[in-house]
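Chain and residue survey
The lines below spell out each chain.
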Amino acid sequence: MSLYDDAVLVLKEYGDQPELRDVYLEHLSAHPDGMYKPCQAGHLTSSALVIDPSRGRVLLTLHKKLGMWLQMGGHCEAGDATLEEAALREAREESGIETGLTLLPGGPVRLDRHPIPAPCHWHLDVQYAALAPADAVAEISDESLDLRWFAYDEVAGVADTSVVRLLENTLRRL
């Protein structure tokens, strides 16, 4: 199964946000290259909110280009077999937590479509949650300006509504 096929299957099985889910599926139907960055009409991305439930905290990265506190995530790559694999790869790369991250069961936690600067127009983000072990040690990557753990109740004060909604949905699923 290709990454494209996996994405279609994951989205068809995703039960929330039906209107937005259909936008993603329509996009993929119209753009067979819609999984990857070169698709200028927009492309899917995969991300993961790294969460440590034992300590009531989440790990956010201060995005280098956007200057915003966000979950770990980014573009799908040719070696990614599934959206889940892409989300975990991004979480490991950007958090520096090499072992012990596991995705919260049940598939994506949320979808978020947001505009990006030209030449592309849209990121269609498929958002997961990654559970970190209690002893996880984060290490900043060259993709970030900063990397920091935040208590659940601090997230709304530093991040945008997309990250806040992702955290809310994650906590409901825990």
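Heads up: these notes are all about the structure in this document. (Residues numbered from 1 in each chain as written. Predicted model: local features only at pLDDT ≥ 70, side-chain atom pairs only at ≥ 80, totals over all residues. Heavy atoms only, no water.)

1. Focus on the pairing of strand β1 (residues 43-52)
Among the 10 residues in β1, 10 count as buried, and that is most of the element. Covered by surrounding structure in β1 are H43, T45, S47, L49 and I51 together with L44, S46, A48, V50 and D52, the residues of both alternating faces. In the sheet, β1 pairs with strand β4 (residues 72-75) via 4 bridges, with the strands oriented antiparallel. Looking at the pairing, S46 lines up with G74 of β4. Once β1 ends, the chain turns through 4 residues before running back antiparallel as strand β2 (residues 57-63), passing G56 with a positive phi of about 65°. (Buried < 20%, exposed > 50% of the residue type's maximum accessible area, 1.4 Å probe, protein only. Helix = DSSP H or I, 4+ residues; strand = E, 2+ residues; numbered from the N terminus. Pairing = 2+ DSSP bridges.)

2. Thoughts on the state of the cysteines
Taken as a whole, this structure holds 0 disulfides when the rule is applied. For C76, which is in no disulfide, the shortest distance to another cysteine sulfur is to C39 and amounts to 12 Å. For C76, a relative accessible area of 6% corresponds to the buried category. (Disulfide = S-S within 2.5 Å.)

3. What about the environment of S46?
Structurally, S46 is set in strand β1. Here the alpha-carbon distance between S46 and R89, two residues 43 residues apart in the chain, equals 9.5 Å. Once you skip the residues sitting within four places of it in the chain, S46 turns out to touch G73, G74, L83, A86, A87, E90, D125, V126 and Y128. (Contact = heavy atoms within 4.5 Å.)

Function cannot be inferred from these measures alone, as they are strictly geometric.
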